[in-house]
Amino acid sequence: MVRGPVGAWAVLGALLWGCGLALQGGMLYPQESASRERKQLDGLWSFRADFSDNRHQSFEQQWYQKPLRELGPTLDMPVPSSFNDVGQDGQLRSFIGWVWYEREATLPQRWTQDLSTRVVLRIGSAHYYAIVWVNGVHVAEHEGGHLPFEVDISKLVQSGPLSSCRITIAVNNTLTPYTLPPGTILYKSDTSKYPKNYFVQNTHFDFFNYAGLHRPVLLYTTPTIYIDDITITTDVDQNTGLVNYHISVQGTEHFQLEVSLLDEEGKVVAQGMGGQGQLQVPSAHLWWPYLMHEHPAYLYSLEVRLTAQTAAGSVSDFYTLPVGIRTVAVTESQFLINGKPFYFHGVNKHEDADIRGKGFDWPLLVKDFNLLRWLGANSFRTSHYPYAEEVMQLCDRYGIVVIDESPGVGIELVQSYSNVSLQHHLEVMGELVRRDKNHPAVVMWSVANEPLSSLKPAAYYFKTLITHTKALDPSRPVTFVTNSNYEVDLGAPYVDVICVNSYYSWYHDYGHLEVIQLQLATQFENWYRTYQKPIIQSEYGAESIAGFHQDPPLMFSEEYQKDLLEQYHLVLDQKRKEYVVGELIWNFADFMTDQSPMRVTGNKKGIFTRQRQPKSAAFLLRQRYWKLANETTYHWSAVKSQCMAKTPFTS
């Protein structure tokens, strides 16, 4: 049977929408067009950390009122990047509190003098809490470190008009039980051991809490009457592709919209008028995952033209959105893309690299995608937070399937299941769906990773959260990733796909590879017997330090990592014939963590080093993934549209 939204989901979803949890306004990716311009603000910014005991001196002295250099010494800080690893100051590397960024931006004359131009400041990611001023005027605040936010600054820069503006962004990386991800501040009050006012940040996740302006900051323009948002869902009827669109416009209620869908050769294949409708594409090219089809990742272009008449004359706005036509469905034992069984053979990743931390970097990104394709990986999970928008765009282009995960990692305290936490988590899912809803590569939402889902409040928390996500996007399945026992997990009843993390012969039964097959088979059988839902082995692996060799295999050697994976693969090969629909290795590459006796300069479970060099396990996985790909490639002549019946998860 195909699983989908039922009456209860719809009722609770309507209540959530009625409570105002649906976000207002769109978050289209800034692009240049005949009506839009953009100005990158990447590069060196002035930077200063507030090292005062209470971390609040910067607000008492109003650092936003004048240039930072007039208030004290500043550093040059590259944007985008994490601030932690750029310098040689150990105090800054582990700093918790407010840091300040500042940049003077030169403005084109037409932006400041043409009052029919709207000027927007957009921050791709500021971890964790950000406050923004322009010329000392407070313009925006945002909570959450992995999603974009923006603010219209037209009135500020057009009052004068100004030839430049000073942008000041204060960023605080403090995590509390109510943030996402959560954390706690531990004050060390024993003055015989610690200095006065000494505190540390504790977290319940295993990656370093990098902070700063991690993604591009830019200014862009639109007309004052503009295309605000576009929502696309797709379906297939026989050989005809169906593209359903909904377009929202701001600035006027009187406008005309023209919509054209172009193929990859630039030929118009369908046209429409108005703010919503359906485009029909005969003999449509479907968006297929990498290695599943001989022509994967086919993208159409949806061109939207807005025209409106004003007292000053005609106004136009143009926006182009890539569109992949594909369907997604879930049965009791399969995950279907375009009506065909899809098997996730991929990785978990981190946005993490030397020096730049979590800072966005094009060369690193392209290298990672080249490695993914070399590996034969067809998918990854955005563990454990949303990745940069440019990552999602490349996934669309290359056919890499994505499980799109929220920053809900380390939810282990009772306080983190409070109504305050739930409200924020609902808002974050709204922001995530709003940003990524049109990416064909995104086939499933993950609301959390390894929460303590045996706690009593977890049932209501995850029921509400998953219901809300389904209301925001009924077209995709929803999950969270668990490491709880199947008998005590209170959130699992509400997911569409069971995603399980397990580390047999690593975190317990150390060194005993011989127990993996029994324990893993038992895990799968217990989960499937209880829930009758498809299962993904969403994490498994072992640490290896590159160049460490032991035979017979010992922990931390490349041989042990390789042999552990092979034991998992023996069971996966049995169960994928039944109800296991995927395997995602932990991890794609080594990554930084907090310091502890368990970690040797970070987590070494990568099949590649942090510098993207392969360990022995990478070659093992490459051999396996290409073998799996050869078993599941569908040729166009064999793909029959009758397999693509409409489903509750069609998108």
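Position numbers for residues start from 1 in each chain and track the written sequence from start to end. Under the rules for a predicted model, residues below a pLDDT of 70 receive no local features and side-chain atom pairs below 80 are neither given nor counted, while totals for whole chains, interfaces and linings still include all residues. The side-chain numbers reported here are obtained from all heavy atoms of the structure, hydrogens and water having been left aside.

Peer 1: Just to check I follow, could you spell out the overall build of the protein for this structure?
Peer 2: Working definition: helices are DSSP H or I runs of at least four residues, strands are E runs of at least two. Numbering for both runs from the N terminus. The helix and strand tally for the protein stands at 12 helices and 32 strands. In terms of its C-alpha atoms, the protein occupies a principal-axis envelope of roughly 75 × 75 × 45 Å. Sequence separation of 24 or more characterises 74% of the internal contacts of the protein that already satisfy a separation of 6 or more. Within the structure as shown, the protein displays about 25,600 Å² of accessible surface, and the carbon and sulfur contribution to it stands at 51%. Charge convention: Lys and Arg are scored as positive, Asp and Glu as negative, and His as well as the terminal groups of each chain are ignored. Here the site of a charge means NZ on Lys, CZ on Arg, CG on Asp, or CD on Glu. In the protein, 54 side chains carry a positive charge and 67 a negative one; their mean positions are 1 Å apart. The contact criterion used is simple: two residues touch if any of their non-hydrogen atoms lie within 4.5 Å. In these tables, accessible area is a Shrake-Rupley quantity obtained with a 1.4 Å probe, and a residue counts as shielded only by the protein chains included in the view.

Peer 1: Would you explain the packing of aromatic side chains in this entry?
Peer 2: Geometrically, a pair of aromatic rings is defined through the distance of the ring centres and the angle of the planes. Two rings belonging to Phe, Tyr or Trp (six-membered ring only in the last case) form a pair when the distance between their centres is within 6.5 Å. Interplanar angles under 30 degrees mark stacking, angles over 60 mark edge-to-face geometry, and anything in between is tilted. Tallied over the entire structure, the rule returns 39 aromatic pairs. Ring centres 5.3 Å apart and planes at 70° place the aromatic pair Y503 and Y507 in the edge-to-face group. According to the relative accessible area criterion, Y503 is buried, its value standing at 10%. Through pairs of rings, three or more aromatic residues link up here, namely F59, W63, Y64, W98, W100, Y129 and W133. Two thresholds decide whether a charge sits over a ring: the Lys NZ or Arg CZ must be within 6 Å of the ring centre and within 35 degrees of the ring normal. In this structure, R93 is placed above the aromatic ring of F208, and the distance from its NZ or CZ to the ring centre is 4.4 Å. Positioned above the aromatic ring of Y398 is the side chain of R373, whose terminal nitrogen or guanidinium carbon lies 4.1 Å from the ring centre. For each residue, the accessible area found with a 1.4 Å probe, counting protein chains only, is set against the maximum for its type, and the residue is called buried under 20%, exposed over 50%, and partly exposed in between.

Peer 1: Looking at this structure, how should I read the nonpolar core?
Peer 2: For soluble globular proteins, nonpolar side chains are generally found buried alongside one another. Among the buried residues, those of types Ala, Val, Leu, Ile, Met, Phe, Trp, Tyr and Cys that are joined through side-chain atoms within 4.5 Å form a nonpolar core. Within the largest apolar cluster, 141 residues are counted, with the highest numbers of intra-cluster contacts made by I230, L302, F335 and F380. F47, F95, V99 and L213 belong to the second largest nonpolar core, which has 35 residues in total.

Peer 1: What is the right way to look at the sheet that holds strand 16 (residues 240-250) in this model?
Peer 2: The strands making up a sheet are joined through hydrogen bonds of the backbone, oriented either antiparallel or parallel. The strand order 15-16-19 describes an open sheet built from three strands, whose pairing is antiparallel. Because the sheet does not close on itself, it has two edges, and the strands there are strand 15 (226-237) and strand 19 (276-281). Shown here is a sheet whose adjacent strand axes are inclined to one another by a mean of 20°, direction ignored. Any two strands between which DSSP finds at least two bridges are classified as paired. Sheet topology note: the strand 16/strand 19 ladder contains six bridges and is antiparallel. Directly across from Y245, in strand 19, lies its bridge partner G277. Structural elements are reduced to axes, namely lines fitted to C-alpha atoms, with helices fitted over the stretch in contact, and the angle between N-to-C directions of any two is expressed from 0 to 180 degrees.

Peer 1: Just checking my understanding: could you explain the sheet that holds strand 21 (residues 313-323) for this structure?
Peer 2: Here we have four strands laid out as an open sheet, ordered 18-17-20-21, and antiparallel in their pairing. Sheet topology places strand 18 (268-273) and strand 21 at the edges, where each strand pairs with a single neighbour. Strand-to-strand twist in this sheet, taken as the mean axis angle between neighbours without regard to direction, amounts to 15°. In this structure, strand 20 (residues 300-310) lies alongside strand 21, joined through 11 bridges in antiparallel fashion. When the sheet's bridge partners are listed, L302 is paired in strand 21 with L321.

Peer 1: Looking at this structure, I do not really get unusual backbone geometry. What am I missing?
Peer 2: A negative phi angle characterises most non-glycine residues, just as the trans form characterises most peptide bonds. Going from V79 to P80, the amide bond is cis rather than trans, its omega being 5°. Note that P80 resides in the loop between strand 3 (75-79) and helix 3 (90-93). Cis peptide bonds are those with omega within 30 degrees of zero, and the linkage from W586 to N587 qualifies with 10°. With respect to the helices, strands and loops of the structure, N587 is situated in the loop between strand 32 (580-585) and helix 12 (616-632). Unlike most non-glycine residues, S505 shows phi in positive territory, near 65°. Looking at the secondary structure, you find S505 in the loop between strand 30 (498-501) and helix 10 (516-531). For S505, a relative accessible area of 0% puts it in the buried group. One non-glycine residue, F556, adopts positive backbone phi at about 80°. With respect to the helices, strands and loops of the structure, F556 is situated in the loop between strand 31 (535-539) and helix 11 (558-575).

Peer 1: Is there a simple way to explain the pattern of salt bridges in this structure?
Peer 2: Pairing between side chains of opposite charge can happen when the charged atoms of each approach one another. Salt bridges, as used here, are contacts in which a Lys or Arg side-chain nitrogen is within 4 Å of a carboxyl oxygen on Asp or Glu. This structure, assessed with the given rule, holds 29 salt bridges. A salt bridge links K349 to D368, with the nearest nitrogen and oxygen atoms 3.1 Å apart. With K349 in the loop between strand 25 (344-348) and helix 6 (362-375) and D368 in helix 6, this pair connects stretches of sequence that are 19 residues apart. A salt bridge links R612 to D368; the nearest nitrogen and oxygen atoms lie 2.8 Å apart. Within this pair, whereas R612 is found in the loop between strand 32 and helix 12, its partner D368 is found in helix 6, the two being separated by 244 residues in sequence. The two residues R612 and D368 agree in class, both being buried.

Peer 1: What am I meant to see in the environment of K575 here?
Peer 2: Residue position: K575 is located in helix 11. When the C-alpha positions of K575 and E525 are compared, they lie 9.0 Å apart, and in sequence the two are 50 residues distant. For K575, the contacting residues outside a window of four places in its chain are A521, F524, E525 and V580.

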